[in-house]
Amino acid sequence: MEASKFFSRMEEFEPDEGYQKTYRSFDEVLPSLPPSKGWWLDQLFHYQGFWLSTFALRGSMLLNDHFKPRPTDIIVATSPKCGTTWLRALVFSIVNRHSFDFSDHPLSKMNPQELVFFLEGAIYIDGSTSFIDGLPSPRLLSTHLPYSLVPKSMTDDTSDCRFVYICRDPKDVFISKWHFANKLRAKDLPPIALEEAFDSFCKGASHYGPFWDHVLGYWKASLESPKKVLFLKYEDVKKQPSDCVRKVAEFLEVPFSPEEESKEIVEEIVKLCSFENMSNQEVNKNATRNSGRPISNSDFFRKGEVGDWVNHLSPQMAEALDQITEQKLQGTGFNFR
Ligand code: PAP
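In this text the structure is predicted, and so the values were computed from the model without any measurement.

S.K.: In this structure, what is going on with the overall build of the protein? I would like to understand it.
M.R.: Along the protein, the regular secondary structure elements total 17 helices and eight strands. A globule of 337 residues ought to have a C-alpha radius of gyration of about 20 Å, and the protein, at 20 Å, matches this closely. A principal-axis box enclosing the C-alpha atoms of the protein has dimensions of 60 × 50 × 45 Å. Relative to its 337 residues, the protein shows a buried fraction of 55%. The long-range share in the protein, meaning contacts at least 24 apart out of those at least 6 apart in sequence, stands at 73%. On the protein, roughly 15,800 Å² of surface is accessible, and the fraction owed to carbon and sulfur atoms is 52%. Looking at charge distribution, the protein has the averaged site of its 39 positive side-chain charges lying 2 Å from that of its 47 negative ones.

S.K.: What am I meant to see in the site of the ligand here?
M.R.: Of all residues adjacent to the ligand, which total 20 residues, the nearest are T84, T85, S176, R302 and K303. Separating an oxygen atom of the ligand from a side-chain N or O atom of T84 is a distance of 2.5 Å. In this structure, an oxygen atom belonging to the ligand sits 2.7 Å away from a side-chain N or O atom of R302. For the shell around the ligand, the secondary structure elements donating two or more residues are α4 (84–95) and α15 (275–279). A total of three residues in the shell around the ligand trace back to one element, the largest contributor, which is α4. Here the residues of the shell around the ligand sort into nine nonpolar, seven polar and four charged.

S.K.: I tried to follow the packing of helix α3 (residues 54–66) against helix α5 (residues 119–126) on my own but got confused; where do I start?
M.R.: Between two packed helices, the angle of one axis relative to the other and the distance separating the axes together describe the packing. In contact at an axis separation of 8 Å, α3 and α5 are set at 90 degrees when each is read in the N-to-C sense. Viewed along their axes, α3 and α5 adopt a mutual orientation that is roughly perpendicular. Residues F55, R58, G59, L62 and L63 of α3 pack against L119, E120, G121, I123 and Y124 of α5. Residues belonging to the contact of α3 with α5 are distributed by class as follows: six nonpolar, two polar and two charged.

S.K.: What is the right way to look at helix α12 (residues 241–251) in this model?
M.R.: Each α-helix turn comprises 3.6 residues. Residues three or four places apart therefore point the same way. Among the residues of α12, S242, C244, V245, V248, A249 and F251 are the ones counted as buried. Contacts from the buried residues of α12 go to α4, β7 (162–167), β8 (229–233), α11 (234–239) and α14 (265–272). E253 occupies a position one or two residues after α12 and carries a positive phi of about 60 degrees.

S.K.: Help me understand the sheet that holds β7 in this model?
M.R.: Strands in a sheet are paired, the pairing made by backbone hydrogen bonds, and the direction either parallel or antiparallel. Strand order in the open sheet made by the five strands is β5-β6-β4-β7-β8, with parallel pairing throughout. At either margin of the open sheet sits one strand with a lone partner, and together these are β5 (117–118) and β8. Alignment of strand β4 (residues 74–78) against strand β6 (residues 140–143), held across four bridges, turns out to be parallel. Bridge pairing in β6 links I74 to L140.

S.K.: How should the environment of D172 be read in this particular structure?
M.R.: Note on placement: D172 falls in helix α8 (residues 170–184). The spatial distance from the C-alpha of D172 to the C-alpha of V310 is 8.7 Å, given a sequence separation of 138 residues. What D172 contacts, discounting residues up to four positions off in sequence, is E305, V306, G307, D308 and W309.

S.K.: So what exactly am I meant to see when it comes to the side chain of K171 here?
M.R.: When you line up the elements, K171 lands in helix α8. In this structure, K171 is in contact with W309, L313, A318, L321 and D322, ignoring residues within four places of it in sequence.

Criteria and thresholds
Residues numbered from 1 in each chain as written. Predicted model: local features only at pLDDT ≥ 70, side-chain atom pairs only at ≥ 80, totals over all residues. Heavy atoms only, no water. Helix = DSSP H or I, 4+ residues; strand = E, 2+ residues; numbered from the N terminus. Rg over C-alpha atoms; globule rule 2.2 N^0.38 Å. Buried < 20%, exposed > 50% of the residue type's maximum accessible area, 1.4 Å probe, protein only. Contact = heavy atoms within 4.5 Å. Areas by Shrake-Rupley, 256 points an atom, 1.4 Å probe, with all protein chains shown as cover. Lys, Arg positive; Asp, Glu negative; His and termini not counted. Charge placed at Lys NZ, Arg CZ, Asp CG, Glu CD. Near = heavy atom within 4 Å. Polar contact = N/O pair within 3.5 Å; in protein donor to acceptor, adjacent residues only side chain to side chain. Nonpolar A, V, L, I, M, F, W, Y, C, P; charged D, E, K, R; others polar. Axes fitted to C-alpha atoms, helices over the stretch in contact; angles between N-to-C directions. Parallel < 35°, antiparallel > 145°, perpendicular 65-115°, else oblique. Pairing = 2+ DSSP bridges.

Have a look at this one:
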């Protein structure tokens, strides 16, 4: 299929020669990539070590060729279902805490995806970086791309943009992904069986997988460049949300002042972004996304718990996944405990 067919707003955008070149590269590269069956979309493609949908692949190529990072850019980076929605909300409310009243906050009216823009998604919709280019600084952006596929102009030493990454126990990630995939599957398809999804997750063939390689890419980057990449775990944020909020604020160089501490602003942020509060906002209960996909904001708020996998995975499956995790993480200095 020609790249131009993918870009839904192409008629509004006149691509110059630079963009035409990227579209052509995409058209050339796609047929050469090993495919795998997706969980809801037709196919995933193995590109530079990761399984990407055509959506993510195009996004990555367009980003690489056309995105101009700014030193003030803040990127929420995640493998899907590790806490993207939550981290978007936390980062937005930390960075903008002087601009909004907690009693009348944008997060009460908008889903975090409308406040922290999904890079490869926005670029896919426009077929260009024009929307992202038009955002005022500091830009709050998010990506699911693995660190190795993020443009070098964002990750190398000359760039000051910062990444806040969150990961999560792969057993919970898998269960969350499986539920989500079944929401996204076409109505005329049966739900994807847990065993089938499990098999492909273990082999690494899920969106932006292998999961472990995604985590390790950001883990290593956080060790090598601690000022550029902050690495968080979902379970730690659940356990000690206030500490994590302070950590993110310090990393972003907007630490809480003693006055803010005395006014309990950290606790306000934790409350505002909590699963209970966010999942009860009208916008997150009902609104359907304007993305052409059969998902609504409520699909991003399922249980928000640590350890829900126990209700779905057999002990054998859990052990198999733990073993893969142990093997993959051996010698890296990282674990999910
Ligand atoms: P995405 O990567 O596709 O954008 P993401 O937000 O990471 O999705 O995943 C949703 C998960 O985060 C859900 O987990 P579950 O399926 O295990 O329940 C969702 O419930 C959880 N989640 C969403 N908001 C919050 C929050 N405020 N606090 C804790 N967990 C949350």
